[in-house]
Amino acid sequence: MITPYSTRVNRCYRTKTKVLTFPCELEGLLSGGLLFGRMDKMKYKCLVCGYIYDPEKGDTDSGVKPGTPFESLPDGWSCPVCGASKNDFAAVG
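The rules we used
- Residues numbered from 1 in each chain as written.
- Predicted model: local features only at pLDDT ≥ 70, side-chain atom pairs only at ≥ 80, totals over all residues.
- Heavy atoms only, no water.
- pLDDT = per-residue confidence, 0-100.
- Contact = heavy atoms within 4.5 Å.
- Salt bridge = Lys/Arg side-chain N within 4 Å of Asp/Glu carboxyl O.
- Helix = DSSP H or I, 4+ residues; strand = E, 2+ residues; numbered from the N terminus.
- Buried < 20%, exposed > 50% of the residue type's maximum accessible area, 1.4 Å probe, protein only.
- Phe/Tyr/Trp six-rings, centres within 6.5 Å; stacked < 30°, edge-to-face > 60°.
- Lys NZ or Arg CZ within 6 Å of the ring centre and 35° of its normal.
- Pairing = 2+ DSSP bridges.

Right, let's talk about the confidence of the model for the chain for a bit. Taken as a whole, the chain shows an average pLDDT of 76; of its residues, 57% reach a score of 70 or greater. Confidence drops under pLDDT 50 across residues 5-10; counting only partners more than four residues distant or on other chains, this segment forms eight contacts.

This is the structure in structure tokens:
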């Protein structure tokens, strides 16, 4: 979910993972589908080790079926490579 808010300098948007300044960074998410209902296809990158969670592949070793969006992963799910929590991931498109 993206939440709009304003600062004195820029109009900004907050996602679960970071604050985006408008329009430059936000434009990248537009092309990635985050704002147009394609969040279920968004890939997420572990900021600790670089592992990419791809919802089309899931994480079968952890019992996550293919087609599972990142937002639907269990709260206790962690990076299968380094063990980082979901909070250590960022959307990459």
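The next subject is the pattern of salt bridges. Should their charged atoms come close, side chains of opposite charge can pair. This structure, assessed with the given rule, holds one salt bridge. Lys-43 is paired through a salt bridge with Asp-54; the nearest N and O atoms lie 3.9 Å apart. Here Lys-43 is found in the loop between α1 (24-32) and β4 (44-46), whereas its partner Asp-54 is found in the loop between β5 (52-53) and β6 (89-91), with 11 residues between them in sequence. In this structure Lys-43 comes out as partly exposed when scored by relative accessible area, which is 34%.

In this structure the tally under the stated criterion is six aromatic pairs. Judged by centre distance (5.6 Å) and plane angle (70°), the ring pair of Tyr-53 and Trp-77 falls under edge-to-face. One end of the pair, Tyr-53, is in strand β5; the other, Trp-77, is in the loop between β5 and β6, and 24 residues separate them in sequence. Per residue, the accessibility class of Tyr-53 equals that of Trp-77, and both read buried. Every member of this aromatic cluster is reached through a ring pair, and the members are Tyr-44, Tyr-53, Phe-70, Trp-77 and Phe-89. Sitting above the plane of the Phe-70 ring, Lys-86 keeps its charged end 5.7 Å from the centroid.

Bringing the sheet that holds β4 into the picture now. What the three strands build is an open sheet, ordered β5-β4-β6; its pairing is antiparallel. This sheet does not close on itself; its edge strands, each paired only once, are β5 and β6. In this sheet, β5 lies alongside β4 in antiparallel orientation, the contact comprising two bridges. The residue bridging Lys-45 from the neighbouring strand is Ile-52, located in β5.

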